[in-house]
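Topology and contacts: notes
Take a look at the letters that make up each chain.
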Amino acid sequence: MKLKEFLKKSQMKPFDGIIIVLLILLSFLPLVLFSLKQAGLSDTVTYEAKISVDGKTLKTFPLKKGQGTLTYRYEDEDGDYNLIEVVDDKIRIVEANCGDLVCVRQGFIEKSGDTIVCLPHKLLIEVIASDGSEDGSVIY
């Protein structure tokens, strides 16, 4: 069956096919624009890990690739401690003397908004982006 015969038998007009193809292509436009924006942002956004105890900031570490491994030991006056390791653009608690060790089992964090909490020691590690963005945050 030739194209002209098909178009005569169907209810489609000659430009309907062109419009359908154009609309399908335009439906991918937001995906392309957002991926280009994300690719541009990933180069300019820097991340840092903030370590705080009982709401007071103790130390911040930049999280960037190629910086190697850094180790930080937090110890309070009671002898409670957490051994924190920064490996390139990730951070984790390697060792702690708390009872449940949930903070150690959590592993590495690296994305903005990720947190590690050691409740017995009141220790909080959170990853913060330089542009203030967090996954799932509201965009104004």
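Refer to the structure printed above.
First, a word on scope: everything that follows refers to the structure included in this document. Just so you know, these numbers come straight off a predicted model, no measurement behind them.

What follows deals with the pairing of strand β6 (residues 115–118). The two faces of β6 differ: Ile116 and Cys118 on one face are buried, but Thr115 and Val117 on the other face are not. As paired strands, β6 and strand β7 (residues 123–129) are joined by four bridges and run antiparallel to one another. Bridge pairing in β7 places Cys118 opposite Leu123. Where β6 folds back onto β7 in an antiparallel hairpin, the turn is made up of four residues, including Lys122, whose phi is positive at roughly 60 degrees.

Let us look at a nonpolar patch on the surface. On the surface, a nonpolar cluster with roughly 830 Å² of combined accessible area is contributed by Phe15, Ile18, Ile19, Leu22, Leu23, Leu26, Leu29 and Leu33. Within the residue set of the nonpolar patch, elements represented by two or more residues are α2 (14–27) and α3 (29–44). Top element by residues in the nonpolar patch is α2. It accounts for six residues. Examined against the element boundaries, Phe15 turns out to sit in helix α2.

Notably, Asp54 is not glycine yet its phi reads approximately 55 degrees, a positive angle. Topologically, Asp54 is positioned in the loop between β1 (47–53) and β2 (56–63). Looking at Asp54, the relative accessible area reads 55%, which means it is exposed. A positive phi is found at Lys122, a non-glycine position, where the angle reads about 60 degrees.

A few words now on the pattern of salt bridges. Oppositely charged side chains may form a pair once their charged atoms are brought near each other. Evaluation of the coordinates by the stated rule reveals three salt bridges. Residues Glu126 and Lys50 are paired through a salt bridge, measuring 3.4 Å at the closest nitrogen-oxygen approach. Remark: Lys50 occurs in strand β1 and Glu126 occurs in strand β7; sequence separation between them is 76 residues. For Glu126, a relative accessible area of 22% translates into the label partly exposed.

Pairing is antiparallel in the open sheet, where four strands are placed in the order β2-β1-β7-β6. Every other strand in the sheet has two partners, leaving β2 and β6 as the edge strands with one partner each. Each neighbouring strand pair of the sheet contributes to a mean axis angle of 20 degrees, computed without reference to strand direction. Of the pairings in the sheet, the one linking β1 to β2 comprises seven bridges and is antiparallel in character. Residue pairing in the sheet places Tyr47 in a bridge with Leu63 of β2.

Pairs of aromatic rings are described using the distance from one ring centre to the other and the angle between the two planes. Taken as a whole and judged by the stated rule, the model has one aromatic pair. Here Phe61 and Tyr72 contribute two aromatic rings whose centre-to-centre distance is 5.8 Å and whose plane-to-plane angle is 65 degrees, an arrangement assigned as edge-to-face. Here Phe61, found in strand β2, pairs with Tyr72, found in strand β3 (residues 69–75); they are eleven residues apart in sequence, far enough to count as distant. On the basis of relative accessible area, Phe61 is assigned to the buried category, the value being 7%. The ring of Tyr81 has Arg73 lying over it, and the distance from NZ or CZ to the ring centre is 4.1 Å. Stacked on the ring of Phe108, the Lys or Arg Lys90 has its end atom at 5.2 Å from the ring centre.

How each quantity is defined
- Sequence order as written defines the numbering, with residues in each chain counted from 1.
- Only residues with pLDDT of at least 70 get local features here, since the model is predicted, and only at 80 or more are side-chain atom pairs given and counted; chain-wide, interface and lining totals rely on the full set of residues.
- Neither water nor hydrogens contribute to the side-chain values; these are computed over all heavy atoms in the structure.
- Accessible area is worked out with a 1.4 Å probe on protein chains only. A residue is then buried under 20% of its type maximum, exposed over 50%, and partly exposed in between.
- Going along the chain from the N terminus, every DSSP run of H or I of four or more residues is numbered as a helix, and every run of E of two or more is numbered as a strand.
- When DSSP locates at least two bridges between a pair of strands, those strands are taken to pair.
- Only residues whose relative accessible area exceeds 30% and that form no salt bridge enter a patch; like-charged residues are grouped when within 9 Å of one another, and nonpolar side chains (Val, Leu, Ile, Met, Phe, Trp, Tyr) when within 5 Å.
- Accessible areas in this description were obtained via Shrake-Rupley with a 1.4 Å probe; residue shielding takes into account the shown protein chains only.
- For this document, the term salt bridge refers to a Lys or Arg side-chain nitrogen within 4 Å of an Asp or Glu carboxyl oxygen.
- Axes, fitted as lines to C-alpha atoms, cover a helix only where it is in contact. Angles between the N-to-C directions of the axes lie from 0 to 180 degrees.
- Centres within 6.5 Å are what make two rings of Phe, Tyr or Trp a pair, Trp counting through its six-membered ring; a difference in plane orientation under 30 degrees is then read as stacked, over 60 as edge-to-face, and the rest as tilted.
- Any Lys NZ or Arg CZ that is within 6 Å of a ring centre and within 35 degrees of that ring's normal is treated as a charge sitting over the ring.

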